[in-house]
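Understanding the architecture of this molecule
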Amino acid sequence: MISSDGHARGATPVDHRAAIAVETARFVAALKDADSTTAVPSCPGWTLADLVRHTGSVQRWFSALLHARVQEPPRTRDVDLRLPDGWDGYADWLAESATVAAEAFAATGPDLPMWAWGVDQHARFWARRMLFETLLHRVDADLALGLPPTVDRPLAVDGIDEFLVNLPFAGSFAPAVANLRGPDRTIRFLASDGDGDWLVRLRPDGFGLDTSGTADGSADATVRGTAADLLLLVYGRLHRGAEVFAYDGDEDLMTLWFDNSAF
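All residue numbers refer to position in the chain's written sequence, counted from 1. Reporting of local features is limited, given that this is a predicted model, to residues whose pLDDT is at least 70; pairs of side-chain atoms are given and counted only at 80 or more, and all residues count toward the totals for whole chains, interfaces and linings. As a rule here, side-chain values come from all non-hydrogen atoms in the structure, and water together with hydrogens is ignored.

1. Description of the overall build of the protein
A count of helices and strands for the protein gives seven helices and five strands. For the purposes of this entry, the term helix denotes a DSSP run of H or I that reaches at least four residues, the term strand denotes a run of E that reaches at least two, and both are numbered from the N terminus. Counting helices and strands in the order they occur from the N terminus, the protein gives α-α-α-α-α-β-β-β-β-α-β-α. Only C-alpha atoms enter the radius of gyration; for comparison, a globular chain is expected to reach 2.2 Å times N to the power 0.38, where N is the number of residues. Relative to a compact globule of 263 residues, whose C-alpha radius of gyration would be 18 Å, the protein shows 18 Å and is just as compact. Dimensions of the protein, computed from C-alpha atoms along their principal axes, come out at roughly 55 × 40 × 30 Å. Between buried and exposed lies partly exposed: a residue is buried under 20% and exposed over 50% of the maximum accessible area for its type, with that area taken using a 1.4 Å probe on protein chains only. The 263 residues of the protein split such that 48% are buried.

Below you can see the structure in the form of structure tokens.
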């Protein structure tokens, strides 16, 4: 379902660069009057301060990669974070991180060839990846603060696609994905609120998103839910047992998937 410009085919196009600014602003707004020591249940062991620091750091590190136009895996993640001394400055620092990202985008066209750990070896990979890092951690903040974690549908559809198409390449930091294999077994993620149908094929040598467009609608196991809920499911922000999901088919296959697909 991926087109050459890094979007999900057939879906509403997403301006990843613009969406980063929007999602960061939503994150910043949620921080007003928040306690830095608030626990983040969806990121065990983290506080809200840890979450903000991580999100801004990722934006700044990806921006450094873009400015450097990296052509091979970076040897260090060191970057000048300009982190404020106290929590009072964290919200402004996070907002500034999105500005740093915007400056990097302005200096690098999306079609610029670059190294990336995923399938798309262009600068646009990093903007798309940054968007979903930002969006999911904004959701983490919402959950920590007792706010409803809403996700715009076009972003949810694109985010599911981005997750599934890149997951086979995530072994360096998610080694359990090596267990996602089988004798030509299939898992379908099906949006119940509109377009959105992803078929993952497990083979003896690995797995991947079936983009052939020839699938007949069947699968060995299927999960249905709204696009937003499916996005939160694949990222572990909603439990697979939540009532918002409907399942058909091989339960053991689903267990194999969810036990080994943590990103």
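2. Quick look at the pairing of strand E2 (residues 197–203)
Think of it this way: DSSP has to see at least two bridges between two strands before they count as a pair. Two elements, strand E1 (residues 185–191) and E2, share six bridges in a ladder whose sense is antiparallel. By the bridge assignment, Phe 189 is partnered in E2 with Trp 198. A loop of five residues connects E1 with E2, the two strands running antiparallel in sequence, and Gly 194 in this loop sits at a positive phi of about 140 degrees. As defined by bridge partners, E2 adjoins strand E3 (residues 206–209) across four bridges and the pair is classed as antiparallel. Paired with Arg 201 across the strands is Gly 208, a residue of E3. Taken together, E2 and the strand that follows it, E3, pair antiparallel across an intervening segment of two residues.

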